[in-house]
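Observations on the three-dimensional arrangement
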Amino acid sequence: MKLDFEINGQDFKKAGEASFGLKNYLKRLGVPPPIIRRVATAAYEAEVNVVVYAQKGHMRVTIGEQCIEVTVEDIGPGIDNIELAMQEGFTTAPPHVKQMGFGSGMGLPNIKRNTDWMDLRSVVNKGTTLRFKVHFAQET
Amino acid sequence: MESLLYLKADRCRACTHCMRACPTEAIRIRKGKALVMEHRCIQCGLCLMACPYQAWDVRTKTLDEIGKKERPVAVLDPTVLWQMGMGVGLEELNEAFLKIGFQEVHDWSEALGTYGRALEAYVGSPEAPRPAISSTCPVVIQLIQVKYASLLENLVPMVLPMHIAATAWEETYGEKKPEAKLYYIAPCLALASAVKDPLFSHPRYGGAFRFNSLFNRLKAQGRSKGQRMNPQASLLFRIEGVKWATAGQWSETLSFGKTLVVDGLRQVAAILDYVESGLLEEIHLIEAWSCPLGCLGGSFLTQNPHIARFHLKNFLRENHGILREKEAARTIESGCWKRYRFPQMPLPRPGIRLDEDMARAITKLKKIDAITKKLPGIDCGACGCPNCLALAEDIALGVAKESDCRCLKEKGRRRG
């Protein structure tokens, strides 16, 4: 099952709509609640990143039998130093964005924490592609 | 939770008001009558309030049903104090209940205080999730069971205050009065239904009364003009009891400070959406109520909730000194909340889930998407579903047909 959501860059009043919409689908599909929470958290953080930094983006979701895969691709400034961006507390958010409550520097680390696999690639002045997966069956 | 709600079919005219009012889309019109899908019902009572023909009714108790031998004991919801107008004092209220047929009115202000301290102990403990979500409103609990199952682990795992009231009564009078039964004087459908639910309540309850079903009789017992609420009177005089009637009053006095108060079901859902997406983790407690202004907004009450709240706040202001004393003397024993733990955690309900098996659910979702494209999208309700998406879903689930859509039928007739 494939789902597609548009994300408008810089549109703060709509930030979260895509990930909330995704959540609704997952609930109707009966995805286990803890999985929903993890996917919802990661998707929300990814969406907010596009809104805060990029011009526009897409969220594409593939729901398979073993896992949910999410790809968030955007057209925007890109990430200069990915390793630095992954550090907790590091943010390049401008003051007006921080005033709105975003830019805590925890977005990417939160995505990593909530997912089973994550891949982040970027080209400066072009855009960023983030992919992550959450598996259904959890290995104990 | 077993529902007390039922339809008086002869009064139902399929006007669709209740169907549109339902926040979980649990109602359908089938064969000209409203029907509720219990797995989606969260007992908010909006259907009851929306019906212009009083077709929805509730199986609460009536005084005629209760035999004298039963020795019924009234347990008043804290909101009841604010329903009679300021002219009625506490002792008078107490007396009025005795005059209409109750054996006794249980003073459970102590139990409410205990609940408050236990809740504070829990939220302050290292085991508490962030944010913790209050579990005093059974509608909020059921909303979470139906639509936000991933947040069940955030609920404060404590029984309802009405349970603690019954435990306290049992400890004092249980042996001396074996035939006596407790009856909750309820402000709303959810609390009235909770009384008989083993997860939330206590076996000593015989059932619940709707406050508004007793109001006229209580009023008829006469009143002496000018008698104000006497804070020293035994019935619910303790401030903790009074504060539970409305949203936010109680949590204002908590020691840890970071509480978010939200009332009104749509607002509660919006906040829960944020929590589910990983936000609001700096908040200790979300105090959530389905009704506007908290329980004072309950549908079985008679007084306008804002007027009731006005009187309540005046009372708190006038008794500010006593309040401060009580709070200074309060001790919170960490771990005391464990005595009041849920016997088991509330489980998720199937709710909006399309199928138990995900592969089948995906097939149904694809079918729904395909059918939705054919439907007009005007959500007229004539098919008996609250909106076109719900009809598409019902068709995919095999409980409705495309021919139920009047618009499609009309289009087909015009073409042919």
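This text goes with the structure placed above it.
Residues numbered from 1 in each chain as written. Chains lettered and ligands numbered in written order. Predicted model: local features only at pLDDT ≥ 70, side-chain atom pairs only at ≥ 80, totals over all residues. Heavy atoms only, no water.

Before going further, it helps to examine the overall build of chain A. Across its full length, chain A holds five helices and five strands. Of the regular secondary structure in chain A, the N- to C-terminal order runs β-α-α-β-β-α-α-α-β-β. On C-alpha atoms alone, chain A measures out to a radius of gyration of 14 Å, which is about the 14 Å that the 2.2 N^0.38 rule sets for 140 residues. Across its three principal axes, chain A shows a C-alpha extent of roughly 40 × 30 × 25 Å. Here chain A holds 140 residues, and 51% of them are scored as buried. For chain A, the share of sequence-separated contacts (at least 6 apart) that also reach a separation of at least 24 residues comes to 62%. In the form shown here, chain A has an accessible surface area of approximately 7,200 Å², with 49% of it arising from carbon and sulfur atoms. Each charge class in chain A was averaged separately, 17 positive and 16 negative side chains, and the resulting centres sit 3 Å apart. (Helix = DSSP H or I, 4+ residues; strand = E, 2+ residues; numbered from the N terminus. Rg over C-alpha atoms; globule rule 2.2 N^0.38 Å. Buried < 20%, exposed > 50% of the residue type's maximum accessible area, 1.4 Å probe, protein only. Contact = heavy atoms within 4.5 Å. Areas by Shrake-Rupley, 256 points an atom, 1.4 Å probe, with all protein chains shown as cover. Lys, Arg positive; Asp, Glu negative; His and termini not counted. Charge placed at Lys NZ, Arg CZ, Asp CG, Glu CD.)

This next bit is on the overall build of chain B. For chain B, the count of helices and strands is 15 helices and 11 strands. In terms of overall dimensions, chain B is globule-like: its C-alpha atoms have a radius of gyration of 23 Å, near the 22 Å expected for 416 residues. Seen along its three principal axes, the alpha-carbon backbone of chain B occupies a region of about 80 × 50 × 40 Å. Counted over contacts in chain B with a minimum sequence separation of 6, partners at least 24 positions apart contribute 77%. Seen as two clouds, the 57 positive and the 45 negative side-chain charges of chain B have centres 7 Å apart.

With that out of the way, let us pick up the pairing of strand β10 (residues 259-263) of chain B. Residue and element names in this part refer to chain B. On β10, burial follows the alternation: L260 and V262 on one face are buried, whereas T259, V261 and D263 on the facing-out side are not. Pairing analysis gives five bridges linking β10 to strand β11 (residues 285-289), with the strands arranged parallel. Of the residues in β11, the one forming a bridge with V261 is E287. One crossover worth recording links β10 to the parallel β11 by way of helix α10 (residues 265-276), and it is right-handed. (Pairing = 2+ DSSP bridges. Right-handed = clockwise from strand over helix to strand, strands pointing away.)

All right, on to the pattern of salt bridges then. For the structure shown, the criterion picks out 25 salt bridges over all chains. Among the salt bridges present, the one from K27 of chain A reaches E276 of chain B, with a minimum N-O distance of 2.9 Å. Taken as a pair, K27 of chain A in helix α1 (residues 17-28) and E276 of chain B in helix α10 lie in two separate chains rather than in one. We note a salt bridge from R339 of chain B to E171 of chain B, for which the minimum N-O separation is 3.4 Å. Taken as a pair, R339 of chain B in the loop between α12 (320-329) and α13 (358-374) and E171 of chain B in helix α6 (residues 161-173) lie far apart in primary sequence, 168 residues in all. By relative accessible area, which is 58% here, R339 of chain B ends up exposed. Here the salt bridges share partners, and the residues they tie into one network are K23 and K27 of chain A together with D273 and E276 of chain B. (Salt bridge = Lys/Arg side-chain N within 4 Å of Asp/Glu carboxyl O.)

Attention now goes to the pairing of strand β4 (residues 117-123) of chain A. Residues and elements named next belong to chain A. Pairing of β4 with strand β5 (residues 127-135) involves seven bridges; the strand directions are antiparallel. Along β5, the bridge assignment pairs W117 with K133. Between β4 and the antiparallel strand that follows it, β5, lie three residues; N125 among them carries a positive phi value of about 70°.

Another aspect to go through is helix α3 (residues 90-99) of chain B. For α3 of chain B, the full list of buried residues reads L90, E92, L93, N94, A96 and F97 of chain B. After α3 of chain B finishes, the residue G101 of chain B shows a positive phi value of roughly 130°.

Residues other than glycine predominantly adopt negative phi, and peptide bonds predominantly adopt the trans conformation. Cis geometry marks the peptide bond from R130 of chain B to P131 of chain B; its omega dihedral reads -5°. If you trace the backbone, P131 of chain B turns up in the loop between α4 (109-124) and β7 (132-133). Not every positive phi belongs to a glycine, and Q10 of chain A is a case in point at roughly 65°. Mapped onto the elements of the fold, Q10 of chain A is located in the loop between β1 (2-8) and α1. With a relative accessible area of 43%, Q10 of chain A lands in the partly exposed category. Within the chain, Q54 of chain B stands out as a residue other than glycine whose phi angle is a positive 50°. Within the secondary structure, Q54 of chain B sits in the loop between α2 (46-50) and β4 (56-58).

All names here are of chain B. Pairing in this open sheet of four strands is parallel, and the strands run β6-β5-β8-β9 from one edge to the other. Looking at the sheet topology across the chains shown, the edges are occupied by β6 (104-105) and β9 (205-210). The sheet contact formed by strand β8 (residues 181-186) and β9 spans five bridges and is parallel. Residue pairing for β9: Y183 is matched across the bridge by G207. The strands touched by helix α8 (residues 211-219) are β8 and β9; relative to β9, the strand with the most contacts, the crossing angle is about 70°. (Axes fitted to C-alpha atoms, helices over the stretch in contact; angles between N-to-C directions.)

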